[in-house]
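Now for the letters of each chain:
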Amino acid sequence: MKEKLQSLKSEALAAVAAATDEKLLDEVRVKYLGKKGELTAILKQMGSLSPEERPIMGQLVNQAKAELEEAISVAQNGFKTKAAEAKLKAETLDITMPSTPAKKGGLHPLNIVLNDMIDIFQSMGFDVVDGPEVETDYYNFEALNVPQDHPARDMQDTFYLAENLLLRTQTSAAQIRTMETRKPPIKIICPGRVYRADEVDATHSPVFHQIEGLVVDKNITMCDLKGVLEQFAHEIYGKETEVKFRPSFFPFTEPSVEVDVTCSECRGKGCRVCKGSGWIEILGAGMVHPRVLKACGIDPEEYSGFAFGIGLDRLTTTRYKVSDIRLLFENDLRFLKQF
Amino acid sequence: MKVSLSWLKRYVDIDVPVEELCDKMVMAGFEVEEMIDLSKSMRNVVVGKVTKMERHPDSDHMFICQVDCGTGEDVQIVTGAQNVNEGDLVPAALHDSDLPNGMHIKKGKLRGVPSNGMLCSGEELCVTEDDYPGAGVYGIMILKSDAGAPGTDMREVLGLNDYIIDFKITANRPDCQSVLGIAREAAVVLGKPFNEPNPTFKTVGESINDYINVEVKNFDLCPRYYGRVIKNVKIAESPAWMKKCLLAAGMRPISNIVDITNFVMLETGMPMHAFDLRDVKDRKIIVRNAYEGEQITTLDGKEHTLTSDMLVIADGQEPSCIAGIMGGMDSEIKDDTTEIFFECAKFRRDSVRKTARKLGMRTEASGRFERGVDIITVEYAMNRCLQLVDELGAGEVVDGNVDCNAGLPTNRELNVKVSDVVALLGIDISGEKMVEILNSLQIRTTLTDGVLKCFVPSFRDDVEGRADIAEEVMRIYGYDHIKGTAMTGAIMRGRKLPERIKADKIKDTLIANEFNEIATYSFIGSKAIDALKLTEDDARRNAVTILNPLGDEYSTMRTQLVTSMMTVLSTNYSRKVQSARLFELSKVFIPKALPVTEQPEETPALCMGLYGEGEDFFTLKGIVEAVIALFSDMAPAIDRASEPYLHPGRSAVMSVAGKKIATFGEVHPAVAEGYGIDGKVFIAEIDAAVLYGLEKTKTTYKPLPKFPAVERDLALVCDAETPVGVLENAIREGAGKLCEDIKLFDVYQGSQIAEGKKSVAYRVTLRSAEGTLTDEVIDRAVNKMIKKLDAVGATLRS
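Predicted model only: the values in this text are computed from it and were never measured.

Novice: Explain the pairing of strand β10 (residues 304–311) of chain A here, please?
Specialist: Look at any regular strand and the pattern is simple: side chains alternate between the two faces of the sheet. Residues and elements named next belong to chain A. Across the eight residues that make up β10, a large majority, six, are buried. Looking at chain direction, strand β6 (residues 207–217) and β10 are connected through eight bridges and run antiparallel. Across the sheet, the residue bridging to Val216 is Gly305, located in β10. Pairing of strand β9 (residues 279–288) with β10, which is carried by five bridges, proceeds in the antiparallel orientation. Bridge pairing links Met287 to Phe306 in β10.

In structure tokens form, the structure reads like this:
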């Protein structure tokens, strides 16, 4: 009986090894381990053995059964893995086929740049405020130290709505409103729309955008102005960007400067963008004119401050290399989708 | 302000390259708009003397010339010109030379005869009769006998060894609208002495009072009027040096007297005027306001009708000059003028500006008066003028002057603490250094106990206080000394206004829903709003208008964003952009009264526009709801809109708590067609101000369900006209607290349903937070729903 068991086991294991698919393997299982299987049949014959032989034989049979079951299980797993692999293989895609585009809109490029600026200045502790676009002569000119007969009025062609009402030509008007309503320390930026009677062309628009900055506190110096503008320039144009002051004139600041930064295109070597100078002009700034402080009820003996005005449209067109400012206001979706 | 380098060199020893001068001037506040190297255009062209001429053997019109070009040996040049004679001085372009017209000359052969260059015409050298007499003739330009020795560089002869620098003068520096002003600054930046002319001249006795009587009637508009008389005038050509200066500044030389007035204007910044005394009637000069309707013909031959706010210089009978702008034709200087009255004055700048604007005139003089001229320099300029008359022998100066003024200022005294200047700038500059800088700028300054005592000359009336002193010091000391520092003081947290935060929230939501933001002008055409077919009395037609618009299409401050949005949609549509979802969040301008007397209300408005496949009323409705949901946890109420520009059956108004927030829907096909859109297009307008005013109650977390939900389908029949919203409300009421969700999944009208009816199918989800729903509870809820539905005329479909 022992011998029979041995040969049966070898025979069964050989059959398992020979099975080429799950169906054949199952047939092997039924043939040997099924209710009427050959190995089962041996177990059934156990009764005919002596009580001494029975446990020994029982152990052997069970051992053979376990061995066979293990072999079948291994083979089965092998078939499953293969089948899974085959399925994955069949599901292989051509990954170079076009994607399903994600649906997404976007901000207008002017506001993308504006939001960057707001982040920079807000992180330096500047409040972001707003002011009216229709201004009175007082806020747009008079309080900014541009009296009626001042030639500086000619610097900006103004749209008038009534004798005393105009479309603001500069966000600086918001300086006055801020200083009238807040007490120092004041640290604000005021982004907004401004208007000048410029004919529309590739670089001029009667509607454009500025960001006004104003700081008023005790002991504010021109070096502080440069410090803030350096921070700003480093964030916008990169760490190694240098800031240069050039004397200039604005009625509401004294001293007044134009501010140049290292040309971002050539890094100061001189190129077409900077007309060979290595610098590009980005904004006007200066120390708040004592007369302006006084007009707002702030004592210039006690406080000083600085102000700056950044042209957002110019910043946007240079950042994205947009050659014609009119594209910003035309709103062709194929243009807007690029930002 | 255009100045030639050679003119500047008359007053300052400029020994640095012109580029360096320009850089230093820029850093002192004088931006260089343009710098032209006059010599660049011409090279290797010299004065040649024609020593011998022979006819070309193989040509009936060419000559073979031997030309002395100062090289020791005559150069053979063939020319086709017929106006050259032996002994003439001519411009000779040698082998390998460049001409201003772009030509490059090389030696060659003309019909077999070697020619080692070219004789030039005025045209080839880009020289006109104005620049050099004789340059305009047809043929070779024959030079004057004193033009220079053979071999002299033609650039020298033509004054081309020079640079023209165009400085941009800021509005605070009218004193630098003059060569002397620029020279004063150049001297300071170069650290050189400033050699200001000190005008002296001789007079010939007699008295000005015998020639003229002057009266100023309006000192407010003319604070100073200064005059001198010249007799025995000899009108002639100006000397070459003066012509060269004028040409470099872009002015045409005319005659000695006129050229002197122009030269002095450019040099000192003071406009001058010369009257032919013969034509000054009654020998009287009266500075007065014009009489209403008075007429004058100005030098340019144009007639003007004057108004009483304009200042004129009149003689005993009529105006002979529009003050500060242009002289009259009658009293202009003529070839036979023998006696002259010279005028130099200060006129009020806004008066000149207003008059010039009104008459549509702008002259070199008016530009200077508008920016402001110095009252003290008036006399200096006159003296300089007389000096030149004397030097050039243009006439004899009569004794005495007329000086009408209402008082002259003295140098203003300013006392500024050194420590205040240092505190403003943030860098340490010594008081001594400040004194040095200010004195170099002719602001006479001394230092005592840390205080600068400054005497500011009247030509610097922009210098009023310590900030100005700080600027003067800094721009000369050099802005590169300013080093960035971090501000000290309280730490502040930067905040945005609530309105901006809310706007950002809206934008985020719209962008996530595939919307792109647009930016359009705040003004629209006066007729633009007509495209919306609004009624005549619609409030949106009441708009603020611009008094001086760039054109009608930019004339009206918008009261709504729809027209701008439609225009942008139309642009995209016509350019075959397949689909678009756009929004604009901007201000609209609502006047309080018209015509405007005070600032209009500027309120934020939101407009969304869309078209393309898959877009319909309901996609837009979903967006509008999503935007409203950002600010309200109350579901908005919906009603039909009656907006002329929207489709009457496909438009709606949404409101929250009775406040109208949004108007939206399909654009009326007739309106869309007006914008050139022949497909469906959808627009929503949201009153952002009302939206921002809504309050969203604090949202807290709602626990996830613990018990299973039950779904029940309801197939209903109702009148075809009944809005489904009514059914939905009935279901919601009937289901009460158990209602979790109501979904409309079918609406049907047709053969299976009675005429005038429709079938509507809902899937209702019920759930309780307390426990699993029993059949009994569910049935009760369903019965309640059916009852409520019954009340609105909807029954279960059998």
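Novice: For this particular structure, what's the right way to read the interface of chain A and chain B?
Specialist: Think of interface size as the accessible area that goes away when the parts come together; that is how it is often given. Every contact between the two is made by 85 residues of chain A and, on the other side, 78 residues of chain B. For the pair chain A and chain B, the summed buried area comes to about 7100 Å², and 55% of that belongs to carbon and sulfur atoms. In terms of surface lost to chain B, no three residues of chain A exceed A:Cys223, A:Pro247 and A:Leu333, which account for 9% of the buried area on that side. Seen at the junction of chain A and chain B, the total is six salt bridges. On the surface where chain A and chain B come into contact, there are 37 residue pairs in polar contact (both at pLDDT 80 or more). At seven residues, the largest contribution of residues to the side of chain A that touches chain B is made by helix α8 (residues 222–237) of chain A. Taken together, the residues of the side of chain A that touches chain B break down into 42 nonpolar, 18 polar and 25 charged.

Novice: Even after reading the chapter, I still don't get the sheet that holds strand β24 (residues 412–417) of chain B, so can you show me in this structure?
Specialist: The strands making up a sheet associate through hydrogen bonds between their backbones, and the pairing can be parallel or antiparallel. All names here are of chain B. One open sheet holds the three strands; their spatial order is β24-β26-β25, and the pairing between them is antiparallel. Two strands close off the open sheet at either side, each with one partner strand: β24 and β25 (444–448). For this sheet, the mean inter-axis angle between neighbouring strands, taken without regard to orientation, is 20°. Sheet topology places β25 next to strand β26 (residues 451–456); five bridges connect them, and they run antiparallel. Across the sheet, the residue bridging to Thr445 is Cys454, located in β26. Lying over the sheet, helix α10 (residues 418–425) contacts β24, β25 and β26, oriented at roughly 65° with respect to β24. Where helix α11 (residues 431–440) meets the sheet, it contacts β25 and β26, and its direction lies at approximately 165° from that of β25.

Novice: What should I look at first to understand the environment of B:Ile661 in this one?
Specialist: All names here are of chain B. Relative to the elements of secondary structure, Ile661 occurs in strand β34 (residues 659–667). Between the C-alpha atoms of Ile661 and Val624, which are 37 residues apart in sequence, the distance is 9.5 Å. With near-sequence residues (within four places) excluded, Ile661 lies in contact with Ile628, Met654, Ser655, Val656, Glu685, Ile686, Asp687, Val690, Leu691 and Leu694.

Novice: I'm lost on helix α2 (residues 18–27) of chain B in this one. Help?
Specialist: Each turn of an α-helix holds 3.6 residues, which means side chains three or four residues apart point in the same direction. For α2(B), the full list of buried residues reads B:Val18, B:Leu21, B:Cys22, B:Met25 and B:Val26. In an axial view of α2(B), the angular spread of the buried residues amounts to 135°, which keeps them on one side of the axis. Buried residues belonging to α2(B) abut β7 (243–250) of chain A together with α1 (5–8), β2 (31–37), β11 (163–168) and α4 (179–190) of chain B. Just beyond α2(B), the residue with positive phi is B:Gly29, at close to 110°.

Novice: Help me understand empty space enclosed by the protein, please; the structure alone is not making it clear to me.
Specialist: Sizing a probe to match a water molecule and rolling it over the atoms shows the empty space that remains. Evaluation of the coordinates by the stated rule reveals five cavities of 30 Å³ or more. Counted as a void, the largest cavity has a volume near 100 Å³. Elements with a minimum of two residues in the lining of the largest cavity: β7 of chain A together with α12 (466–477) of chain B. In terms of residue class, the lining of the largest cavity is made up of four nonpolar, four polar and five charged.

Novice: Is there a simple way to think about the packing of α2(B) against α4(B) in this case?
Specialist: Axis angle and axis distance: for two packed helices, these are the angle between their axes and the distance between the axes, and together they describe the pair. Residue and element names in this part refer to chain B. Two elements in contact, α2 and α4, have axes whose closest approach is 10 Å; the angle formed by their N-to-C orientations is 100°. With respect to α4, the element α2 is oriented roughly perpendicular. Residues Leu21, Lys24 and Met25 of α2 form the contact with α4, whose participating residues are Ile182, Glu185, Ala186, Val189 and Leu190. Class assignment of the residues belonging to the contact of α2 with α4 gives a composition of six nonpolar, no polar and two charged.

Criteria and cut-off values
Residues numbered from 1 in each chain as written. Chains lettered and ligands numbered in written order. Predicted model: local features only at pLDDT ≥ 70, side-chain atom pairs only at ≥ 80, totals over all residues. Heavy atoms only, no water. Buried < 20%, exposed > 50% of the residue type's maximum accessible area, 1.4 Å probe, protein only. Helix = DSSP H or I, 4+ residues; strand = E, 2+ residues; numbered from the N terminus. Pairing = 2+ DSSP bridges. Contact = heavy atoms within 4.5 Å. Buried area = accessible area lost by both parts, 1.4 Å probe. Salt bridge = Lys/Arg side-chain N within 4 Å of Asp/Glu carboxyl O. Polar contact = N/O pair within 3.5 Å; in protein donor to acceptor, adjacent residues only side chain to side chain. Nonpolar A, V, L, I, M, F, W, Y, C, P; charged D, E, K, R; others polar. Axes fitted to C-alpha atoms, helices over the stretch in contact; angles between N-to-C directions. Arc of directions from axis to C-beta. 1 Å grid on protein atoms, 1.4 Å probe; cavity = no way out; pocket = protein on both sides within 12 Å on 5 of 7 lines; lining within 4 Å. Points joined across faces, edges and corners; volume = space filled by probe spheres on them. Parallel < 35°, antiparallel > 145°, perpendicular 65-115°, else oblique.

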